[in-house]
Structure formats: structure tokens, C-alpha cells
Amino acid sequence: MAKTLRVGMIGHGFMGKAHSNAWRQAPFFFPLKAKLEMHTLCGRNTAAVQTARAQLGWQVAASDWREVVESPLIDVIDIATPNDSHAQIAVAAARAGKHVLCEKPLALTVKEAEAMLAAAQRAKVVHMVCHNYRRVPAIAQAKKLIADGAIGQIYHYYARYAQDWLVDPEAPIWWKLQKGISGSGAHGDINVHLIDLARYLVGEFKEVCGMMNTFVKERPLPDAAPLQQNPAPKPAAKTVTHPKPAATPASLSPAAAPATPMGKVTVDDAALFIGRFECGALANLEATRYASGRKNHMSLEINGAKGSLCFDFEHMNWLKFCDRASLPDRQGFRDILVTQPGGVHPFTGQWWWAGHLLGYEHTFIHTIADFVNACADGKPVQPTFEDGLRNQRVLEAVEESAKTRGWVKV
Ligand SMILES: NC(=O)c1ccc[n+]([C@@H]2O[C@H](COP(=O)([O-])OP(=O)(O)OC[C@H]3O[C@@H](n4cnc5c(N)ncnc54)[C@H](O)[C@@H]3O)[C@@H](O)[C@H]2O)c1
């Protein structure tokens, strides 16, 4: 009879919702090797976690992650908290013999990531980082085409992850803009996905040269901070009075504007780097939260000796493929709708008929389905904490390069 895995999830924000949906849907659509119980949901605020538990479908609510990690009722820990708590939760979970799924970036630093990998290896538990984009069907199909030699030797990996939620200078500070909690900004948050996909699709980085910038250095502190529930220190508050236009006649002058409490942004807003892979291919990566009109534009192009691949997450069901073997008068990019069932395209056979499209949430369902089967088999599943550590090394090398304005070996 199939084993039952009882899951404890820490965090119930954006990713908590995506993961809850995945834990619920995975057994519905995928033939899993273990049964699942969505056992305990953990958050720091007792009332908020109770509400989330009821809405997201968990059995028990808890407010101390240590209790969940140590509970004999739990087999698997899913970490969906801000980055500064990943290491301590993952290390404690592994020591308690639990399999661990951890959100990205794996850690704040290389040192933390090393400790997490060592703890998981020592405890012989299954460990995985939630780089869900590896399981977009079109990305998995790109991996298959590259492995089949369809584009030949790779020359270029060009990738851009562009969002625009910080273009407004009045957008408030929250944990993703605080180094102590997030480690870095656009770099660790979204560049890390591009780095992970680069390593997945092309290979290991050899050296990098990067630059980073913070365009808006101070932002309003949030009035109420629902997302700021972390124990890390709040940014130092500073009172700034916005200047009023000098020409306003005194009779029309509004009442003095209240001072806006401001906090310092301590992470990068954008990070770009070029690099060289071990295989000789060249890399060009860019992550920004300042690209007006770009919401979640995670795009990449890979050029090889026999052809090219091109992908944009905002059109995630399609993969563009240029095949140099086709007749010269019809060469160019063709759009492959990656939804064919019957084992033609990865993951899609468990879903709908061809052309019935998939979305963001499916990437988490695929990730969790593979993780559950690995836990049932006691076998590794990519991307492991070792991948998380290697990604972290690239992140740090780019930061070092930006600081020293030179090339850094990974
Ligand atoms: N895979 C992806 O594409 C993706 C997308 C977004 C975020 N993330 C990652 O997911 C993680 C969470 O991000 P989010 O956007 O869901 O954040 P969020 O702010 O929406 O939610 C964080 C949750 O963690 C809880 N929390 C914080 N500290 C805690 C503690 N000590 N104990 C228990 N609960 C605690 C908060 O109460 C909240 O429920 C981050 O590491 C982030 O980088 C990944």
C-alpha cells in the first residue's frame, strides 16, 4: 500500500498559496507513489494562519516552525518563508529526518547554502529547491531538444527577467527590498531563476562580470505591513518632507503635507551580467524590476550550431524553434504549442487535450508531483540543494564582480 506523506508547510503568503494549490492538485492529476496529507500550516500570526489554514485546506495551524519541524506527525517540510529563514528551517528539518522542499533562492549566502546541503546529505533526506520554471512544459521541451542535439553546440544563452513593480518611486518598502531578509534584490529574486535555467539548459558557469544598481534609494515605509511579518529588523526610519512648489500663492496653499516616513532600500533594483560557461558558450543575463510594461517577462534565447530556441513566460505554452536543417526558403522561428499529450511533450499528458492551455500554477504542481515521487522512492530530484548552492555561488560571484568591477571565477 502506498505510503502517506504528511506535509508541514511554513509560510502562507504568495508562495504558500501556490504550494497549497499544488499539494492539493498533484494527486488529482498525477499518479503519485505516495498519498498526501496537507497536515500543518505554519505562520507567525495565530489569527492569520488560522484563516489561511481554513482557506487553503490544511488540517492544523501552528505558529512556531520549530514545533512543526520536530513533530513526529510530519514527514515533509515545505519552506515558503522569506529568504532569511530558509537555512535555519531547512537545517533543523533535515536534522529531524524530514524531506525538505525549499523556495528559492536557497539561502542568503553560499555559507548558508553549504550548511543546508551538508545537513540534508548527512540526514539522507530528499532535498529540492523550488525552481518551478524548470517544469514549464516548454522549458522541459527545450531541455529535451538540446539533449537530442537539435540545436547542436551552444554558442549563446541570452536571458532577461523583467518586471515593473518598482518603477513607481512611491511603491513602499517591504522585505524584498531589505538585504537582511532577502539577501539581494532583483538579483537573488529573479536573476536566480535565469541562472538556474542557464545551468539546467547549458551547463556550469566558469566566470562572470556584472553590474548592479539601485535606482530609488529610499521608499515610503508601509502603513500597515502585512507582508513584513519577519523577525528581522525593520529599516531605519527617516522622516522626509517632500518639497512643495514655490510658486503656489499663500491663499491657495494646502495644509502642510504630512511627512512621509521613509526607509532605505538596501538591495539592487537591477542586476546584469555577462559570463562564460565551462562548455565555451557565452552568457548574457539581466534582471530588473524597472521595465515598464513587463509584468513577469522571463524570456530566454539559446543559439546553437544547428538552430535556436526562444521562450517567453508571458506566452508560456509556446516554444520557438529555428531549425537550420529546414530548407533555406522556409527557415526561421516556428512556434511549437507545447501541449501535445501522449508523451509527446513533457508533463502535458496529465492535463487536457492538445491546445487546452496551462498556466503559472501548473509549474508548482509538476514540481511537487516529482518531489513526492522522489520522497516515496528515497531518490534525488533536481534541482537539489546542490543546485541551490551552485546557483548561490554564481549570485555571489556576480555581486563580487559588481563590487570590484572585474571578472570573477565561479
Ligand atoms: N518560485 C518562485 O517563482 C517564487 C515566487 C515568489 C516568491 N518565491 C520565494 O518564496 C519565498 C516566500 O515568498 P512570498 O512571496 O510567498 O512571501 P510572502 O511575504 O508573500 O509570504 C511569506 C510568508 O512567510 C511567513 N513567515 C515569515 N517568517 C516566518 C517565520 N519565521 N515562521 C513562520 N512563517 C513565517 C509570513 O507570515 C508569510 O505567510 C521567498 O523565498 C521567495 O523568494 C518564489
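Conventions and cut-offs
Residues numbered from 1 in each chain as written. Predicted model: local features only at pLDDT ≥ 70, side-chain atom pairs only at ≥ 80, totals over all residues. Heavy atoms only, no water. Helix = DSSP H or I, 4+ residues; strand = E, 2+ residues; numbered from the N terminus. Rg over C-alpha atoms; globule rule 2.2 N^0.38 Å. Contact = heavy atoms within 4.5 Å. Lys, Arg positive; Asp, Glu negative; His and termini not counted. Charge placed at Lys NZ, Arg CZ, Asp CG, Glu CD. Core = buried A, V, L, I, M, F, W, Y, C linked by side-chain atoms within 4.5 Å. Buried < 20%, exposed > 50% of the residue type's maximum accessible area, 1.4 Å probe, protein only. Salt bridge = Lys/Arg side-chain N within 4 Å of Asp/Glu carboxyl O. Expected span 1.5 Å × (residues − 1). Polar contact = N/O pair within 3.5 Å; in protein donor to acceptor, adjacent residues only side chain to side chain.

(A) Region of the structure containing the overall build of the chain. Along its length, the chain carries ten helices and 18 strands. Here the C-alpha radius of gyration of the chain, 23 Å, is about what a compact globule of 410 residues would show, namely 22 Å. Viewed in the frame of its principal axes, the chain has a C-alpha envelope of about 75 × 60 × 40 Å. Nonlocal contacts in the chain, meaning residues at least 24 apart in sequence, comprise 72% of its contacts between residues at least 6 apart. Charge centroids of the chain, computed over 45 positive and 38 negative side chains, lie 2 Å from each other.

(B) The arrangement of the nonpolar core in detail. With 46 residues, the main nonpolar core has Y157, L197, L201, F205, L285, L300 and F311 as its most contacted residues. Considering each element in turn, this core owes the most residues, nine residues, to helix 8 (residues 186–201). Judged by nonpolar contacts, the second largest core, of 35 residues, contains L56, W58, V126 and A369.

(C) Looking closely at the environment of F30. Secondary-structure assignment places F30 in the loop between helix 1 (14–29) and strand 2 (34–42). Taking the C-alpha atoms as reference, F30 lies 8.9 Å from W351; in sequence the two are 321 residues apart. If sequence neighbours within four positions are ignored, F30 has contacts with F347, Q350, W351, I365, H366 and A369.

(D) How the structure looks around the side chain of H345. You can see H345 is positioned in the loop between strand 17 (333–337) and helix 9 (360–377). H345 gets classed as buried once you look at its relative accessible area, which sits at 9%. Not counting the four nearest positions on each side in its chain, H345 is found in contact with Q141, I336, L337, V338, T339 and Q340.

(E) Up close: the pattern of salt bridges. Considering all chains together, one arrives at 23 salt bridges under this definition. In this structure, R160 engages E286 in a salt bridge whose closest nitrogen and oxygen atoms are separated by 3.2 Å. Taken together, the residues span a long stretch of sequence, with R160 in strand 7 (residues 154–162) and E286 in strand 13 (residues 282–288) at a distance of 126 residues. Using a relative accessible area of 21% as the deciding quantity, one classes E286 as partly exposed. The closest approach of N and O atoms between K409 and E207, which form a salt bridge, is 3.4 Å. Taken together, the residues span a long stretch of sequence, with K409 in strand 18 (residues 408–409) and E207 in strand 8 (residues 205–213) at a distance of 202 residues. A relative accessible area of 61% places K409 in the exposed class. The class of E207 is buried, set by a relative accessible area of 15%.

(F) Spatial organisation of helix 10 (residues 385–404). The first and last C-alpha atoms of helix 10 sit 28 Å apart over 20 residues, in line with the 28 Å expected at 1.5 Å per residue. Among the residues of helix 10, F385, D387, G388, L389, N391, Q392, V394, L395, A397, V398 and S401 are the ones counted as buried. Two or three places before E386, at the opening of helix 10, T384 has a side-chain oxygen 3.1 Å from that residue's backbone nitrogen.

Everything listed here is a matter of coordinates, which is why it stays silent on function.
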